[in-house]
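Here is what each chain is made of, one letter per residue.
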Amino acid sequence: MEKLKAELWDKVQYIFRNYYDRMIHSAVVYDGEIDLDILRKSIFRVVTHFPILRSSFHSSAINPYWEVNEDYTVEEMAQKVICDDLKSSALTFLAKEISYKAKLQFEITLHVCRGQSAITVLVNHMCLDGADFKYLISKIVEGYNLIACGGDISDLELKNGSRSYSQIYKDMSEEEAEEAKKLYKNVSRTGVKNKFDFTDDTDCRTRFNFKKLTNDTIVALKAKGKEHGATLNDVFMTAYARAICTRLAPSDDKRLVITSMKNLRDHIESANSESVTNLTGFMPCVLQELGENFCDTLQKVSEQNDASKQDKYCGLYGIPLLSLAFKLFPYSIAEFAIKIGYENPLIGMSNIGIIPDGYLELEGVKCIYAFMTGATKFKPYIQLTSTTFKGETTLCIAQKCSDKDEEKIIVLLDAIERELMEFLQS
């Protein structure tokens, strides 16, 4: 059987498997019914092209690898369920986890309910990140429309190249690349231990909690943020910081760190990866204090984020250290060293960003809602994800937690919304 090299972030995501479920999740809702056979054919074309999606991960003590599977069928590409509640059915499906040992590293289900449809997608985060997850879904949609309009699915154009993280250096000058490859600073270790005040409950399951913001609200927040020299993401992070600060576990340390994941494709001229893969890096925002009001916090957040973005090596710090660990030691020892040396962010934020309308429009049906979110976090880790579609933003916290923990998360999301509304009225 064909084997694929386990790339840097494939291995890191596997190492962090006890911190989150390693899944990327998406649900897209349509007014109308979708042709399952066409959907399956489109997915089959994409999966055949990207072998990582039909591979099983082998966590060898020396050198882990992917083993490509060939025994897959068109029928396995997607399943169909008839349901009475579209939202409940979709979220129940998204609460699943795919084993890294599975034959297919994705699952797709078509939910049908009284003339409406939802396509739910789960993909193992070890295979790709949020940027390539959006790409993957857009190509499945493109393939569906190609077939539905009488075209040949083999004409679907798909990128083809390396999954290696080293492609982030290819468009740098020789001097810049050499310097970037020496950025051993471990930015994951901030020294700040503050965390969300979860309970000690052990009766936990995966839950998705949302807060939707209208297009009018988003337009107003962008304009208000611009008045303060801040981006919409800065505004969201500020509301998150202020909402969570009173919901931290008791500590004498009042500092707060919110870590975002930086898309390293920004270091590539084409702003695209050569194949579906993970190209991300840590971008922590360390707040020594919040200040007296929203605008004080916003200034601190925007200044830090601006400084990070202006650094031409933003997101690249620590990657050479991870790479060196895997080069110097057998995998089992490198895994042990990375667990000791690297810290998974206790409080994270992920901006998946705007999903362009054309990415999701299927022939013959109207797309009415979509959201995407990263991995479901395990306590004590928490992450807020934002996705914008048709001008509306969905804030989501995907968490494996108890009923009482979920109550706290709902209160947190309400507080984030309240902070945003008060900012608009200030």
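Everything that follows concerns the structure shown earlier in this document.
Residues numbered from 1 in each chain as written. Predicted model: local features only at pLDDT ≥ 70, side-chain atom pairs only at ≥ 80, totals over all residues. Heavy atoms only, no water.

*Asks:* Looking at this structure, how should I read the overall build of the protein?
*Replies:* Counting its secondary structure elements, the protein contains 11 helices and 15 strands. The C-alpha radius of gyration computed for the protein amounts to 21 Å, which stays within 12% of the reference 22 Å derived for 426 residues, consistent with globular compactness. The C-alpha extent of the protein, read off along each of the three principal axes, is 60 × 55 × 45 Å. Counting every position in the protein, which comprises 426 residues, the buried fraction comes to 57%. At a minimum sequence separation of 6, the contacts of the protein that also span at least 24 residues come to 78%. For the protein, the exposed surface amounts to about 18,300 Å²; the carbon and sulfur share of it is 49%. Here the protein carries 52 positive and 61 negative side-chain charges, and the mean point of each set is 3 Å from the other. (Helix = DSSP H or I, 4+ residues; strand = E, 2+ residues; numbered from the N terminus. Rg over C-alpha atoms; globule rule 2.2 N^0.38 Å. Buried < 20%, exposed > 50% of the residue type's maximum accessible area, 1.4 Å probe, protein only. Contact = heavy atoms within 4.5 Å. Areas by Shrake-Rupley, 256 points an atom, 1.4 Å probe, with all protein chains shown as cover. Lys, Arg positive; Asp, Glu negative; His and termini not counted. Charge placed at Lys NZ, Arg CZ, Asp CG, Glu CD.)

*Asks:* What am I meant to see in a nonpolar patch on the surface here?
*Replies:* On the surface, a cluster of nonpolar side chains totalling about 450 Å² of accessible area is made up of Y184, L324, L328, F329 and I333. Along the polypeptide, L328 turns up in helix α9 (residues 319–328). Judged by relative accessible area, L328 falls into the exposed class, the value being 56%. (Patch = residues over 30% accessible without salt bridge, like charges linked within 9 Å, V, L, I, M, F, W, Y side chains within 5 Å. Salt bridge = Lys/Arg side-chain N within 4 Å of Asp/Glu carboxyl O.)

*Asks:* What should I look at first to understand the side chain of K262 in this one?
*Replies:* The residue K262 is located in strand β9 (residues 256–263) in this model. Judged by relative accessible area, K262 falls into the buried class, the value being 15%. At 2.7 Å, the side chain of K262 and the side chain of D266 are in polar contact. Setting aside its immediate chain neighbours within four residues, K262 contacts L279, T280, G281, M283, C314 and G315. (Polar contact = N/O pair within 3.5 Å; in protein donor to acceptor, adjacent residues only side chain to side chain.)

*Asks:* Hey, could you run me through the nonpolar core in this one?
*Replies:* Generally speaking, a soluble globular protein has its nonpolar side chains buried in company with each other. Formed by 125 residues in total, the largest nonpolar core has its most connected members in Y30, L53, Y240, L360 and I416. In terms of residues, this core owes the most to one element, helix α7 (residues 232–244), which gives nine residues. Not counting chain neighbours up to four residues away, the residues in contact with Y30 comprise Q116, S117, I119, V141, L360, L362, V365, K366, C367 and I368. Counting residues in hydrophobic clusters, the runner-up holds 11 residues, among them L94, F208, F371 and C396. (Core = buried A, V, L, I, M, F, W, Y, C linked by side-chain atoms within 4.5 Å.)

*Asks:* Looking at this structure, how should I read α9?
*Replies:* Think of an α-helix as turning once every 3.6 residues; residues three or four places apart then point the same way. Within α9, burial applies to I319, P320, L322, S323, A325 and F326. Where the residues of α9 are buried, they touch α1 (8–15), α5 (174–180), β10 (280–287) and α10 (331–341).

*Asks:* I would appreciate a short explanation of the side chain of S323 in the present structure.
*Replies:* Along the polypeptide, S323 turns up in helix α9. Accessibility expressed as a relative area gives 6% for S323, which makes it buried. Beyond its immediate stretch of four places on either side in the chain, S323 contacts L8 and Y165.

*Asks:* What's the story with the sheet that holds strand β5 (residues 79–82) in this structure? I'm lost.
*Replies:* Hydrogen bonding along the main chain pairs the strands of a sheet, whether they run parallel or antiparallel. Here five strands make up an open sheet; going across it, the order is β5-β6-β7-β2-β12 and the pairing mixed. For this open sheet the edge positions go to β5 and β12 (366–373), each flanked by a neighbour on one side alone. Across the sheet, the mean angle from the axis of one strand to that of its neighbour is 15°, orientation sign disregarded. The sheet contact formed by β5 and strand β6 (residues 106–113) spans four bridges and is parallel. Each residue of the ladder has a partner; that of I82, found in β6, is V112. Against the sheet, helix α2 (residues 36–49) engages β5, β6 and β7 (116–124), with an angle of about 165° to β6. Contacting β2 (23–31), β6, β7 and β12, helix α4 (residues 130–148) runs over the sheet at an angle of about 35° to β2. (Pairing = 2+ DSSP bridges. Axes fitted to C-alpha atoms, helices over the stretch in contact; angles between N-to-C directions.)

*Asks:* What is the right way to read the sheet that holds strand β3 (residues 55–58) from this model?
*Replies:* Taken in spatial order, the three strands of this open sheet run β1-β4-β3, and their pairing is antiparallel. Each end of this open sheet is capped by a strand with a single partner; those strands are β1 (3–5) and β3. Recorded for the sheet is a direction-independent mean angle of 30° between the axes of neighbouring strands. Note: β1 against strand β4 (residues 65–68), three bridges, orientation antiparallel. Along β4, the bridge assignment pairs K5 with Y65.

*Asks:* I would appreciate a short explanation of the packing of α2 against α4 in the present structure.
*Replies:* Two quantities define a packed helix pair, namely the angle between the axes and the distance from one axis to the other. Interhelical geometry of α2 versus α4 gives an angle of 125° and a closest axis separation of 8 Å. Relative to α4, α2 is oriented oblique. Once α2 is placed against α4, the crossing between them reads as right-handed. Residues I38, L39, K41, S42, I43 and V46 of α2 form the contact with α4, whose own contacting residues are L136, K139, I140, G143, Y144, I147 and A148. Grouping the constituent residues of the contact of α2 with α4 by class yields nine nonpolar, two polar and two charged. (Parallel < 35°, antiparallel > 145°, perpendicular 65-115°, else oblique. Left-handed = near helix turned anticlockwise from the far one by under 90°. Nonpolar A, V, L, I, M, F, W, Y, C, P; charged D, E, K, R; others polar.)

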